[in-house]
Structures are given as structure tokens and as C-alpha cells.
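Summary of structural features
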Amino acid sequence: METESEPYVRLATLRQLHQVMADMNTARSLADTLQTVADGVVTGLGYELACVNLVRPDGDLVVAAFSGNPAAEALITGRVGSRESWDRRLAMGERWGDLVFIPHTEGWVLDDDDVPQWYTDGPAPRFEDEWHPSDRLFAPMYAPGGSSGELLGVLSVDRPRNGRRPGAWGREALQVYAFQAAIAISNARLRANMQRALVRLEREQQALRASEESFRQAFEYAPSGMAIAEMGGDQHGRILRTNDALCRLLGRPASAMRRYSFSDLVHPEDIGTLLRTSAEGGRAELRLARRDGSYVWVSLRNSVVADAADGPRFLLTHVEDIEERKRRELHLAHRASHDSLTGLPNSAELRARLSARLCSRPQSVHPGEPDPLDAAYGHPAYDAADAAHGFDFAPVPQPYDAYDHHVHTIAPEGERDDGAKGLAVLFCDLDGFKSINDRFGHNAGDAVLIEVARRLSNGVRDGDTVARLGGDEFVILADGLGRADAQDLAVRLRNEIIQPIRAEGRAVRVGASFGIGWAHCGMTADEVLKSADERMYVEKRSRPKQHRRAG
């Protein structure tokens, strides 16, 4: 093209220009596209040197490709020019359509800026349109959409082969070429971004598959039980999946587990604990039902499996078998609250059970009559009367509100049986036990205590308490008895105790003295026990010594 005079252009030149433009769009990568753009200027547009300056993400322009001079290519490729300097250049000189031409008469002011450039020497122009070595010609490349679009880069060209400044055809060809180069670079960037996105997506999918496989293996082969349950909706809490460890723990196949939720399997006494356990990070210790009807103590730990788009989706529950630990805890608690010899509740447990039935509110009224304090602070009888008269008082907290749900313990009054029922406290002391210990040894004494404990336990009702206070002293708590009932119970138990006892190969006999006390609110546990103890000693002294032991 450089040897032809405008506007007469050979068809071969057009074909060559078409070919270099086609090559730009067939390059495989962004780097290949940029180099093809630079090479096309040299081979298709008739310039000896061409440079592609590409805009970086920070706005500055880097020399991304160079063609025509290996020495100059090695010198400036990869160097960066500031956006400010480039904006200055593109605002100078003459405008040839979208092209910017800066003649050597103006361009000397640019010799010291930070834009990478090469220097060529030569004589001054001999005629008006002769190319000077210091002339500069730039072709800005804009994103598709026209010259008002985003600047992608700048094509710098130098030394036309015909030695002349480009005419109308040469300028038009360079503008068209820059426009097509911008499209090719945009497409190459898009392909590069798509390839990176595909690679990243494939890596993420591989990581997701690996994560899912890791979770599956961790779930399936975990040594403790695990389950996945639904969250929300009508099927909230329904078990979707269980691992082998949980199936073995509960003795149920995985297919059967999918018919249940944990609320179906939990012990009735622990359903409140389960309902209070939060979904995220919740922990609870409760009992779950096995297939054989037994229950096993487990520790539940919940976590939510969430979806970034849809929010919480599943509930992951970790189930740990704590049966052995609970057994040890219960054993230790039993040892702390029960007598090691007889297995009966000890003194501390007796006082705890007795204190649980008592409050500090004194007994001041007859059974069935509302106390004046009750009348003032919410007795049902007075509440009903107020309602009948149309009163509607707002509830006000009162000092006695702590006892609103407490069933007050009262005691029969007087020495005769008036039909009142109360909490009887029978204090039992064995007669003649010391002589058995002294004559036959402590082993015989222990055997007697064990047998007496058994007989006392068999002689009371379910729900009554038989405790060993210490030594040869026992206490029975029996609720709902009148005075005659308590006396009959003491007689029955004494008759059981005085029967011969086999100890260390011989038959021995002990007697028993009973004192009957009555517990009521306003008393402490120690006061109740002291009252029963004093009555026992009164009863013991009232009988002749020879009749205190059965024989």
C-alpha cells in the first residue's frame, strides 16, 4: 500500500488488509491478539514500527506488544506510561478524525514525559508531507460503541514505508484498523474472562464435589450417631437421613428412622428439654427410645446447614451415646444421697425431701378454711366471691406469691383423730441392737440393719420414704395419714421388726421404739425430726425395759 498513490489502491492491498483484520479475530489468547494487532500494522498498513499500549485496571497504559524492531521491542515492552501523560498527548496536535498527529514541531515537549517511546534520527523534511523521525501518530482504540466509549488502548505507529504522512486513504485505513482492533481486543478479553470463569467454576465444582464426598464419608463413617432433619414447613423435624452409628445405637434400620422425628423418639419426661433446645448450637442431654422399648441416654448437638441463597435448609444433629457416663453420674449421685450399707436414703437426702415439702409460711388455720392472707392474696374461694360481685382487680405482686403454686403441708391438731390428713414422720430406734453388736460383732449388726431396712421398705406404700438417719435410727415419711393411720403404721412396722433375724448363722431379735411427729409449713426439717425424736424417747421410756426388745 505504501507504493500506491491515492485514491488508486490495488486489490491485493485490500486483500492484505482484510487478512490482517481476520487474523486479529482468530488469535487464541489476549496476548496473541495484541501481538497480531501490532504485526498487522506493519504487514498490512505499511508502517515500519507499531506499538500497542493497553489500558491497565489502574488507568495507566502499558506497552503490551511491539512489532518492526526487535531492539526497540526489548527496550520498551512492559513499560508503563501514566494516564495523565497519555491524556496530554491525545489532546495535542492535529485531529485526523479519530487519529491524533503530533508533528515534530510540537512533539519536542513530549521528549521527557513518562510515556515509553523510541527515538529515530533523520534529516529535516524536504517537502511538506514528508515524514519526520520525530512525528507521532496515535490511533486511540475505544470499546465498541464509538469514540465516546471506554478507552481500551492506543496504537502508536511510525515511519511509513513511503516516507510520507498518510493521506486520506491511509488515515481511513488506520482508523478502521484501530476500530477492528478494539473489537478484537474486547472479544479476546471476553474469551479470557470466560475461560478464567470456566476454570474457576470447574475448580469450585471439583471442590464442592470433594467437600460433599468428605461430608458424606464423615457423616456415614462417624463413630457417633448423626442425623439430618427438615427445617420449617409441615414436616419440620422429620428425619431425612441417618448414619449407621445412630441406627446401631437405637436398633432401628435407616428406612424406619425416616418415619420419625426426634420428638417421636424422646422419652416423655424429656420432651420439654428437646423443645427448649435451639436449632443453631443447641445442646441437650435426654433419652431416646430403642427398638426394644428401652431408652438410652444421649447428648444432642444441633447445627444448621444453610444455603447462601435460600437460608437455613436442614438441621444436622450429632447424637453421642452417654449412657455409661449417665450411669456413673447416677451411681455417684445415689452414693452421695443413700446409705452405703442399707441402700436407703441417707440423712442429707431425708432432709432434702422433707424440706421440699415445707415452706416458711406458718400453719395458722384449720384445714379447709382459707387463711386471712390467702383471702387477701388470691385464695380461690375469695377470688370466686370477687368475680360474683363483678370486681376486676389488676394482679399486684405480693410477698406470698412465691407460695401460690405450693401445696401447704398441714398437721392434724389435738391428740384425737379428727379426720385431718398430714405428713407423718415416724422416728424409729432399734432396741437391743447394741448388745447384738457387742456379742456377735459388727457383721452381725450390719446384717440386722440390712434386714430391718428391707422390712421397713416392704411395710410402707409406694411413694413413702424410708431413710436411715444413722446408727440404728430410721425415719419414715408417710403423707396423707391421719393420727390413727400413723399409729397403725407404727404398730405394723414394729411387728415386722421384732420377728427373728438370721445373722451370722444364728437367729437374733431386736425391738423398736417409734415416735410420731407431724410436719407442717412454718417448721424446718430439723425441727420436724427433733419433734419426732422427742416423741420416740417418750414412747421408749413409757415401756418397761424388759418389754422394749422382743426377745
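Everything that follows concerns the structure shown earlier in this document.
A brief look at the structure comes next. (Residues numbered from 1 in each chain as written. Predicted model: local features only at pLDDT ≥ 70, side-chain atom pairs only at ≥ 80, totals over all residues. Heavy atoms only, no water.)

**Here's the deal with the overall build of the chain**
Convention followed: Only runs of H or I of at least four residues qualify as helices and only runs of E of at least two qualify as strands under DSSP, and these elements are numbered from the N terminus. Relative accessible area decides the class of each residue, using a 1.4 Å probe on protein chains only: under 20% of the type maximum gives buried, over 50% gives exposed, and in between gives partly exposed. Residues are treated as being in contact if the distance between any of their heavy atoms lies within 4.5 Å. Each accessible area is a Shrake-Rupley estimate made with a 1.4 Å probe; only the visible protein chains count as cover when residues are assessed.
Scanning the chain for helices and strands turns up 18 helices and 18 strands. For the chain, the residues scored as buried account for 41% of the 551 residues in total. Sequence-distant contacts, at least 24 apart, represent 60% of the contacts inside the chain between residues at least 6 apart. When the accessible surface of the chain is split by element, carbon and sulfur atoms take 51% of a total near 30100 Å².

**Digging into helix H11 (residues 323-337)**
In plain terms, the rule: The span you would expect from a helix comes to 1.5 Å times its residue count less one. The directions from the helix axis to the C-beta atoms are what the arc is built from.
The end-to-end C-alpha distance of H11, which contains 15 residues, comes to 21 Å, matching closely the 21 Å that a straight helix rising 1.5 Å per residue would cover. Residues of H11 that are buried include every one of Glu-323, Lys-326 and Ser-337, and no others. Each buried residue of H11 sits inside an arc of 65 degrees when the element is viewed along its axis, so together they form one side. In this structure, H11 carries Leu-332, Arg-335 and Ala-336 as exposed residues pointing more than 90 degrees from its buried face.

**Side note on the pattern of salt bridges**
The test is simple: One side-chain nitrogen of Lys or Arg within 4 Å of one carboxyl oxygen of Asp or Glu is enough to make a salt bridge.
The final tally for this structure, using the stated rule, is 33 salt bridges. Here Glu-202 makes a salt bridge to Arg-209, at a shortest N to O gap of 3.4 Å. As a salt-bridge pair, Lys-434 and Asp-438 come within 2.9 Å of each other at their nearest N and O atoms. Residue Lys-434 and its partner Asp-438 are both found in helix H15 (residues 433-440); the two are separated by four residues, about one turn of the helix. Asp-438 shares its class with Lys-434; the two are exposed. Three or more residues are tied together by salt bridges with common partners; here these are Glu-285, Arg-325, Lys-326 and Glu-329.

**Looking at the pairing of strand S2 (residues 61-67)**
Filter applied, for reference: In this scheme, strands are said to pair when DSSP sees at least two bridges between them.
Burial within S2 is extensive, with six of its seven residues counted as buried. Summarising the sheet, strand S1 (residues 47-55) and S2 pair through six bridges and their orientation is antiparallel. When the sheet's bridge partners are listed, Asn-53 is paired in S2 with Val-63. In sequence, S1 turns back onto S2 through a hairpin of five residues, with Gly-59 there showing a positive phi of about 100 degrees. As defined by bridge partners, S2 adjoins strand S3 (residues 80-81) across two bridges and the pair is classed as antiparallel. Across the sheet, residue Leu-61 finds its bridge partner in S3, namely Gly-81.

**Some details on the sheet that holds strand S18 (residues 511-519)**
Sheet strands pair by backbone hydrogen bonding; their relative direction is either parallel or antiparallel. For the record, the criterion: Axis definition: a line fitted to C-alpha atoms, over the contacting stretch in the case of helices. Angles run 0 to 180 degrees between N-to-C directions.
Read across the open sheet, the four strands follow the order S14-S15-S13-S18; overall the sheet is antiparallel. The two strands at the open ends of the sheet, each matched to only one other strand, are strand S14 (465-470) and S18. Each strand of the sheet is rotated relative to its neighbour by a mean of 25 degrees, with strand direction disregarded. Taken strand by strand, helix H12 (residues 347-356) contacts strand S13 (422-431), S14, strand S15 (473-481) and S18, and its axis lies near 130 degrees from that of S14.

**Observations regarding the packing of aromatic side chains**
We apply this condition: Pairing of aromatic rings covers Phe, Tyr and Trp, the last counted by its six-membered ring, and requires centre-to-centre distances within 6.5 Å; plane angles under 30 degrees mean stacked, over 60 mean edge-to-face, and any other angle means tilted. Comment: the charge-over-ring label is applied if NZ (Lys) or CZ (Arg) is within 6 Å of the ring centre and within 35 degrees of the ring normal.
Counted according to the given criterion, the structure contains five aromatic pairs. Residues Trp-96 and Phe-101 carry aromatic rings whose centres are separated by 4.6 Å and whose planes lie at 10 degrees to one another, so their mutual orientation is stacked. Owing to a relative accessible area of 0%, Phe-101 belongs among the buried residues under this scheme. Site record: aromatic cluster; members linked through ring pairs are Trp-96, Phe-101 and Trp-131. Cation over ring: Arg-89 sits above Trp-86, and NZ or CZ is 5.9 Å from the ring centre. One Lys or Arg, Arg-171, reaches over the ring of Trp-96 and ends 3.7 Å from the middle of that ring.

**Regarding the side chain of Glu-539**
The following threshold applies: Polar contacts here mean pairs of N or O atoms no more than 3.5 Å apart (in protein, one a potential hydrogen donor and the other a potential acceptor; neighbouring residues in sequence count only if both atoms are side-chain atoms).
Among the structural elements, Glu-539 can be located in helix H18 (residues 525-541). A polar contact is formed between the side chain of Glu-539 and the side chain of Arg-494, at a distance of 3.1 Å.

**Here's the deal with the packing of H15 against helix H16 (residues 442-458)**
Applicable threshold: Charged residues are taken to be Asp, Glu, Lys and Arg, nonpolar residues to be Ala, Val, Leu, Ile, Met, Phe, Trp, Tyr, Cys and Pro, and polar residues to be all remaining types, Gly included.
Taken N-terminus to C-terminus, the directions of H15 and H16 make an angle of 145 degrees; their axes are 6 Å apart at the nearest point. Here Phe-433, Ile-436, Asn-437 and Phe-440 of H15 come into contact with H16, specifically with His-442, Ala-444, Gly-445, Val-448 and Leu-449. Of the residues contributing to the contact of H15 with H16, the split by class is six nonpolar, three polar and no charged.

**Quick word on the sheet that holds strand S5 (residues 99-102)**
Taken together, the seven strands give an open sheet; going across it, the order is S3-S2-S1-S7-S6-S5-S4, and neighbouring strands pair in antiparallel fashion. A single partner strand is all that each edge strand has here, and the edge strands are S3 and strand S4 (94-96). Both strand S6 (residues 136-142) and strand S7 (residues 151-160) contribute to a ladder of six bridges, which runs antiparallel. Note that in S7 the partner of Met-141 across the bridge is Gly-153. Contacting S1, S4, S5, S6 and S7, helix H6 (residues 168-220) runs over the sheet at an angle of about 40 degrees to S6.

**Section: the environment of His-267**
Along the polypeptide, His-267 turns up in the loop between helix H9 (262-265) and helix H10 (271-275). For the pair His-267 and Val-296, spaced 29 residues apart in sequence, the C-alpha to C-alpha distance is 9.3 Å. In this view, His-267 contacts Arg-287 and Tyr-295; residues no more than four positions away in its chain are not counted.

**Quick look at the nonpolar core**
This is how the line gets drawn: Here, the term nonpolar core denotes a set of buried Ala, Val, Leu, Ile, Met, Phe, Trp, Tyr and Cys residues that are joined through side-chain atoms within 4.5 Å.
With 35 residues, the main nonpolar core has Leu-137, Leu-155 and Tyr-177 as its most contacted residues. Of all the secondary-structure elements, those providing two or more residues to this core are helix H1 (11-24), helix H2 (30-44), S1, S2, S5, S6, S7 and H6. It is H6 that provides the largest number of residues to this core, a total of eight residues. In this view, Tyr-177 contacts Leu-17, Val-20, Met-21, Met-24, Thr-36, Val-37, Gly-40, Val-41, Leu-45 and Leu-155; residues no more than four positions away in its chain are not counted. Grouped together as the second largest cluster of nonpolar side chains are 32 residues, Val-448, Ala-453, Phe-474 and Ala-478 included.

**So, the environment of Phe-101**
Topologically, Phe-101 is positioned in strand S5. Here the alpha-carbon distance between Phe-101 and Leu-90, two residues eleven residues apart in the chain, equals 8.8 Å. Residues contacting Phe-101, with those up to four places away along its chain left out, are Gly-93, Glu-94, Trp-96, Trp-131, Asp-135, Arg-136, Leu-137 and Arg-165.

**Notes on the state of the cysteines**
Let me state the cut-off plainly: When two cysteine sulfur atoms are found within 2.5 Å, that pair is recorded as a disulfide.
Within this structure, the stated rule accounts for zero disulfides. Note on Cys-521: no disulfide assigned, nearest cysteine sulfur contributed by Cys-359 at a separation of 3.4 Å. Relative accessible area serves as the criterion here: at 2%, Cys-521 is assigned to the buried category.

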